[in-house]
Amino acid sequence: MLSFVMAAVLGVVLCQVAFVVTTVFLHRALSHRSLTLARIPTFGFRVLTWLMTGIVPRQWVAVHRKHHAHTDEVGDPHSPVVLGFPRVQFGNVLLYRSAARDKAVVGRYARDLPPDRWDRVLFDHGLLGLALGVGLLVALIGWQLAVVAAVVHTVLYLLGGGAINAIGHTWGKRPFENLATNNQWLAWLVAGEGLHNNHHAAATSSRMSLAKGEVDPAWGIIRLLVAVRWATLRQTSAGLAPASAAASAAS
Ligand SMILES: [Zn+2]
Ligand SMILES: [Zn+2]
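Overview of the structure. Given the structure is predicted, the values throughout are model-derived calculations rather than measurements.

**Details of the overall build of the chain**
At step 1: Tallying secondary structure elements over the chain gives 13 helices and 2 strands in all.
At step 2: When the backbone C-alpha atoms are referred to their principal axes, the chain occupies close to 65 × 45 × 40 Å.
At step 3: Across the 251 residues in the chain, those meeting the buried criterion constitute 43%.
At step 4: A sequence separation of at least 24 residues applies to 65% of the contacts in the chain between residues at least 6 apart.

**Topic: helix H2 (residues 39–52)**
At step 1: With 14 residues, H2 should cover 20 Å at 1.5 Å per step; its first-to-last C-alpha distance of 20 Å lies within 8% of that length.
At step 2: Remark: Gly 54 follows H2 within two positions and exhibits a positive phi of approximately 70 degrees.

**Some details on the packing of H2 against helix H8 (residues 126–141)**
At step 1: It is the contact of H2 with H8, at a shortest axis distance of 6 Å, that shows an interaxial angle of 85 degrees. Considering their axes alone, H2 and H8 lie roughly perpendicular with respect to each other. Seen from H2, the contacting residues are Trp 50, Leu 51 and Met 52; seen from H8, they are Gly 129, Leu 132 and Gly 133.
At step 2: Across the contact of H2 with H8, the residue classes break down as 4 nonpolar, 2 polar and no charged.

**Some points on the nonpolar core**
At step 1: Core analysis: the largest hydrophobic core is formed by 53 residues, its most contacted members being Ala 18, Phe 25, Val 61, Ala 149, Val 190 and Ile 222.
At step 2: It is helix H1 (residues 2–31) that contributes the most residues to this core, 12 residues altogether.
At step 3: Dropping the residues within four chain positions of it, Val 190 is found in contact with Phe 19, Gly 160, Ala 163 and Ile 164.

**Overview of the packing of H8 against helix H9 (residues 143–166)**
At step 1: It is at 7 Å that the axes of H8 and H9 come closest, and there the two elements cross at 135 degrees. Of the possible angle classes, the one that applies to H8 and H9 is oblique. Our pair here, H8 against H9, has a crossing hand that is right-handed. Along its contact with H8, which presents Val 134, Leu 137, Val 138 and Ile 141, the element H9 presents Trp 143, Leu 145, Ala 146, Ala 149 and Ala 150.
At step 2: Counted by class, the contact of H8 with H9 contains 9 nonpolar, no polar and no charged residues.

**Things to note about helix H3 (residues 57–69)**
Because each turn of an α-helix spans 3.6 residues, side chains separated by three or four positions end up pointing in the same direction.
At step 1: Across its 13 residues, H3 extends 18 Å between first and last C-alpha, which sits within 8% of the 18 Å expected from 1.5 Å per residue.
At step 2: Within H3, 10 of the 13 residues are buried, which leaves the element mostly enclosed by the surrounding structure.
At step 3: Buried within H3 are the following residues: Pro 57, Arg 58, Gln 59, Trp 60, Val 61, Ala 62, Val 63, His 64, Lys 66 and His 67.

Conventions we followed
- For every chain, the first residue of the written sequence is number 1, and numbering continues from 1 onward in sequence order.
- All chains are assigned letters beginning with A, and all ligands numbers beginning with 1, in the order in which they are written.
- Where totals are concerned, whole chains, interfaces and linings use all residues; where local detail is concerned, this predicted model gives features only for residues with pLDDT of at least 70, and gives and counts side-chain atom pairs only at 80 or more.
- Put simply, DSSP H or I for four residues or longer makes a helix, DSSP E for two residues or longer makes a strand, and each gets a number counted from the N terminus.
- For the exposure call, what matters is how many other C-beta atoms sit within 10 Å of a residue's own: 20 or more marks it buried, 12 or fewer exposed, and in between partly exposed, using C-beta atoms placed from the backbone.
- Two residues qualify as a contact pair if the distance between their C-beta atoms, derived from the backbone, is within 7 Å.
- Expected helix span is computed as 1.5 Å times (number of residues minus one).
- Angular values range over 0 to 180 degrees, each being the angle between N-to-C directions of two axes fitted as lines to C-alpha atoms, with helices fitted over their stretch in contact.
- Roughly parallel means an angle under 35 degrees; roughly antiparallel means over 145; roughly perpendicular covers 65 to 115; every other angle is labelled oblique.
- Gly counts as polar in this scheme, as do all residues outside two lists: the nonpolar Ala, Val, Leu, Ile, Met, Phe, Trp, Tyr, Cys and Pro, and the charged Asp, Glu, Lys and Arg.
- Only buried residues count toward a nonpolar core: Ala, Val, Leu, Ile, Met, Phe, Trp, Tyr and Cys, linked into one set through C-beta atoms within 7 Å.
- The crossing is said to be left-handed when, going from far helix to near helix, the turn is anticlockwise and less than a right angle, and right-handed when the turn is clockwise.

Here you go:
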């Protein structure tokens, strides 16, 4: 029994690693170029993305950039305003897959990320990556515990991703004038992505916490990457003020 609990905990930990990989690599580095990663961490992130999520980075970037280009209007791949909250919260992966398969979307929004040799041989084959990831788990802890860890990881990752897109465009604070919302409790669970109103206000900021009291867990990891010279930042939150502050300053 105890080992099954430990396997579930391992699933939670793996999911947290996957959220960090998603926000630091796929989102902040590749989609918005808010930080540049050196070759070694880039390759490490590519391997982890492949093994832990099966996501093809070029596709994720394209779908996400389309979300920023058409936020909460027709054309947004996963808007709760357009598609309804339950469909985005619980069916996010299906919405993602139908947008990611659209070659026109990838061609238009991820032109700067053409596939290289590694992609063609390995990283473009998402299911192979996932199968290898699960195979590694089986080899390390046996198939029964691996199933528990993999299911926990998968369910939490899909619900967390859905929550960023659904809750993060429905409930929470809106200090800046955009349709996304800030939820600190969610930010703790999904490596900072719950501060989504901040992100839509400053998409090229590598840091998602902007106001006093806000915490972006992935920011600590980014600072560590910068400290060991594995990353350089484009900019932080300099010069940004919440809409309410700007309004009161103007009045
Ligand atoms: Zn958004
Ligand atoms: Zn974004």
